[in-house]
Amino acid sequence: MMLIHCPYCGERRPEIEFAYAGEAHVARPVDPSAYTDEEWERFLFIRANPRGRHNERWRHIHGCGRFFNAVRDTVTDKFETTYKAGEPRK
Amino acid sequence: MSDLLLRNEPDCAGFAGEGAGVAIRLAEPMARYSLRARDAQVLEDLIGLAVPRAIGATLGDMACLGPDGWLLCASVGTVLPSGSDLPVAITDVSERAVRLLVEGPRAGEVLMAGCPIDLDRFAVGRATRTVFETVEIVVWRLRDDAFAVEVWRSFAPWLRLALVHAAG
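Residues numbered from 1 in each chain as written. Chains lettered and ligands numbered in written order. Predicted model: local features only at pLDDT ≥ 70, side-chain atom pairs only at ≥ 80, totals over all residues.

Student: Hey, could you run me through the sheet that holds strand 4 (residues 58–59) of chain B in this one?
Tutor: Picture the strands of a sheet paired through backbone hydrogen bonds; they go either parallel or antiparallel. Residues and elements named next belong to chain B. With respect to topology, 5 strands assemble into an open sheet ordered 4-5-6-3-7, the strand pairing being antiparallel. Strands with a single pairing partner mark the edges of an open sheet, and in this sheet they are strand 4 and strand 7 (88–92). Looking at chain direction, strand 3 (residues 31–37) and strand 7 are connected through 5 bridges and run antiparallel. Bridged to Ala 37 within strand 7 is Val 88. Against the sheet, helix 1 (residues 40–47) makes contact with strand 3 and strand 7, and its axis sits at roughly 140° relative to strand 3, the strand it touches most. (Pairing = 2+ DSSP bridges. Helix = DSSP H or I, 4+ residues; strand = E, 2+ residues; numbered from the N terminus. Contact = placed C-beta atoms within 7 Å. Axes fitted to C-alpha atoms, helices over the stretch in contact; angles between N-to-C directions.)

Structure representation (C-alpha cells):
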C-alpha cells in the first residue's frame, strides 16, 4: 500500500485514508456575476490534465479531515511532495 | 440523551475466545461530543477543560483528531455549553458511535488485520481516526494491551464480526 505524507498530521499514512479532490490552485472567481459563459466554462471544466508532474488536492478524510495539496507524477503515481492548503504552488 | 428513551444497542455480543489472547466487548454507553474550533484557546476557555494541541494526542477524555477537531468521550450525563456566541461548533454525537473494547496481548495484531496503521508503534494514549477495511473508526490506545475502537453504530455488528474472525 502506498503511503502519503499528510502535512497536518506530519506523518506518512496509508493511501486508503485519503481522497483525491481534483486539480489544485483553481482560483474561484472573485466576482462571479461578472463572469462570461466562456470564463465559467474554463473555471468549471477546463483542467490541465498533464502527463507527469501534477499539482492536485487531496483530503485526509479518514484521518484529520483536512484538504491539502500534493505534487504527484501522473505516470509513475509517485508523490513528490505535499504541502498545506494556502501555501504557494510547489 | 434522554433517560426516557429505550436504549437499542447494536448486536455485539462479547467475545473472549479460549486461548485467543484477545477479548472484544461493547463498552458502556458514553456521552460523546464533537468539538470544532480554529482557536483551541477559545474552546478551552468555554468548556473549562484542557484541550490537547497535537493531532493524535489525548488529554483525559479528549482526543485531538485534526488541526481544528476534537472528540470528547466522557461519562453519561456530561453536558458541555453550546458556545452559540463563539466561533466554535460543539455537537452532541453520543448516539452516533459505539465503543468496542479490544483487550489482550493480541489486541493490536487483531486490529491490524484490517487497520493499515502500524499499531505496534502506536503509543499508549494516542488516538486517531483511521479505517478498518473500509469502515471509518477512531482507534484510541488505552493501555499497552487495550484499544478502544469508536465506530459508527450501524457498522458495529460487522466490525465486531470481522474482529472475531481475525481473532480466529
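Student: Please clarify how the pairing of strand 2 (residues 11–14) of chain A should be interpreted in this entry.
Tutor: Looking along a regular strand, one sees the side chains alternate between the two faces of the sheet. All names here are of chain A. Pairing between strand 1 (residues 3–6) and strand 2: 4 bridges, direction antiparallel. The residue bridging His 5 from the neighbouring strand is Arg 12, located in strand 2. The hairpin turn running from strand 1 into strand 2, its antiparallel successor, is 4 residues long, and Gly 10 in that turn takes a positive phi close to 75°.

Student: What's the story with the sheet that holds strand 4 (residues 53–59) of chain A in this structure? I'm lost.
Tutor: All names here are of chain A. Spatially, 4 strands are ordered 3-4-5-6 in an open sheet, and the strand pairing comes out antiparallel. Each edge of the sheet is formed by a strand with only one pairing partner; in this case those strands are strand 3 (19–23) and strand 6 (79–84). Going from strand to strand, the sheet's axes swing by 30° on average, the running direction of each strand aside. Pairing between strand 3 and strand 4: 3 bridges, direction antiparallel. Across the sheet, the residue bridging to Ala 19 is Arg 59, located in strand 4.

Student: Looking at this structure, I do not really get the interface of chain A and chain B. What am I missing?
Tutor: For an interface, size is often stated in terms of accessible area lost upon the parts coming together. Of the residues lining the interface, 11 residues belong to chain A; the matching set on chain B comes to 13 residues. A class-by-class count of the residues in the side of chain A that touches chain B yields 6 nonpolar, 3 polar and 2 charged. (Nonpolar A, V, L, I, M, F, W, Y, C, P; charged D, E, K, R; others polar.)

Student: What exactly am I supposed to notice about the domain arrangement of chain B here?
Tutor: Residue and element names in this part refer to chain B. Each domain of chain B was delimited in the assignment, giving domain 1 (22–29 + 95–167) and domain 2 (31–92). The straight-line distance from the C-alpha centre of domain 1 to that of domain 2 is 22 Å. Each partner contributes residues to the interface: domain 1 has 10 residues there, and domain 2 has 7 residues. Elements that contribute at least two residues to the side of domain 1 that touches domain 2 include exactly strand 9 (127–132) and strand 10 (135–143). (Domains from an automatic or database assignment.)

Student: For this particular structure, what's the right way to read the environment of Glu15(A)?
Tutor: All names here are of chain A. Tracing the backbone through its elements, the reader meets Glu 15 in the loop between strand 2 and strand 3. Residues Glu 15 and His 62 lie 47 residues apart in sequence; the distance between their C-alpha atoms is 9.9 Å. When near neighbours in sequence (up to four residues on either side) are disregarded, Glu 15 contacts Met 1, Met 2, Leu 3 and Ile 4.

Student: Is there a simple way to think about the nonpolar core in this case?
Tutor: Inside soluble globular proteins, nonpolar side chains tend to come together where they are buried. Residues and elements named next belong to chain B. One finds Trp 70, Leu 100, Val 102 and Val 139 to be the most contacted residues of the largest nonpolar core, which totals 53 residues. The element best represented in this core is helix 3 (residues 156–167), accounting for 5 residues. Two domains each put at least three residues into this core: domain 1 (22–29 + 95–167) and domain 2 (31–92). Residue contacts for Trp 70: discarding those within four places in its chain leaves Leu 35, Val 51, Met 62, Ala 63, Cys 64 and Leu 65. (Core = buried A, V, L, I, M, F, W, Y, C linked by C-beta atoms within 7 Å. Buried ≥ 20, exposed ≤ 12 C-beta atoms within 10 Å, placed from the backbone.)

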